[in-house]
Amino acid sequence: MDAMEIFYKIKNLQKDKKLSNNKLCELAGVSHSVLDNWKKRNVIPSVPILTDLCSVLGISLSQLFSND
């Protein structure tokens with residue numbers, strides 16, 4: 001699974017939860033540049049940031065990286 005596949009998985013979960021980028025970042029405690037840089041530079045954020053995003057979205061890190 002590459003960076004953009006994971007990015008779009010996060011975006012789909014975010015959409016399902018009806019969370020704006022601002023709200024997702026606020027709840028996860030991350031800066032807006034995390035999502036912007038992820039998409040623009042095709043670079044996956046650090047594990048702690050992904051863990052925080054997953055927590056807000058109600059999934060585990062392993063679920064994020066699974067192909068299901």
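Further up the page is the structure itself.
Quick summary incoming for the structure in this document. A quick note: this is a predicted structure, and the numbers were derived from the prediction, not measured.

1. Thoughts on the overall build of the chain
Looking only at helices and strands, one finds five helices and zero strands in the chain. Secondary structure of the chain in N-to-C order comes out as α-α-α-α-α. A compact globule built from 68 residues should have a C-alpha radius of gyration of about 11 Å, and the chain, at 11 Å, falls within 12% of that. Overall, the C-alpha framework of the chain stretches about 25 × 25 × 20 Å when taken along its three principal axes. A burial count over the chain gives 34% of its 68 residues as buried. Accessible area for the chain stands at about 4,300 Å²; split by element, carbon and sulfur atoms hold 50% of it. In the chain, 9 side chains carry a positive charge and 7 a negative one; their mean positions are 6 Å apart.

2. Concerning the pattern of salt bridges
If you walk through the whole model with that rule in mind, you get one salt bridge. Across the pair lysine 23 and glutamate 26 runs a salt bridge, and its minimum N-O distance is 3.7 Å. With lysine 23 and glutamate 26 both in helix H2 (residues 21-28) and three residues apart, this pair spans about one turn of that helix. Residue glutamate 26 is classed as exposed on the basis of its relative accessible area of 56%.

3. Describing a nonpolar patch on the surface
A surface patch of nonpolar side chains, about 240 Å² in accessible area, is lined by Met1, Ile44 and Phe65. Within the secondary structure, isoleucine 44 sits in the loop between helix H3 (32-41) and helix H4 (47-57).

Conventions used here
- Residues numbered from 1 in each chain as written.
- Predicted model: local features only at pLDDT ≥ 70, side-chain atom pairs only at ≥ 80, totals over all residues.
- Heavy atoms only, no water.
- Helix = DSSP H or I, 4+ residues; strand = E, 2+ residues; numbered from the N terminus.
- Rg over C-alpha atoms; globule rule 2.2 N^0.38 Å.
- Buried < 20%, exposed > 50% of the residue type's maximum accessible area, 1.4 Å probe, protein only.
- Areas by Shrake-Rupley, 256 points an atom, 1.4 Å probe, with all protein chains shown as cover.
- Lys, Arg positive; Asp, Glu negative; His and termini not counted.
- Charge placed at Lys NZ, Arg CZ, Asp CG, Glu CD.
- Salt bridge = Lys/Arg side-chain N within 4 Å of Asp/Glu carboxyl O.
- Patch = residues over 30% accessible without salt bridge, like charges linked within 9 Å, V, L, I, M, F, W, Y side chains within 5 Å.

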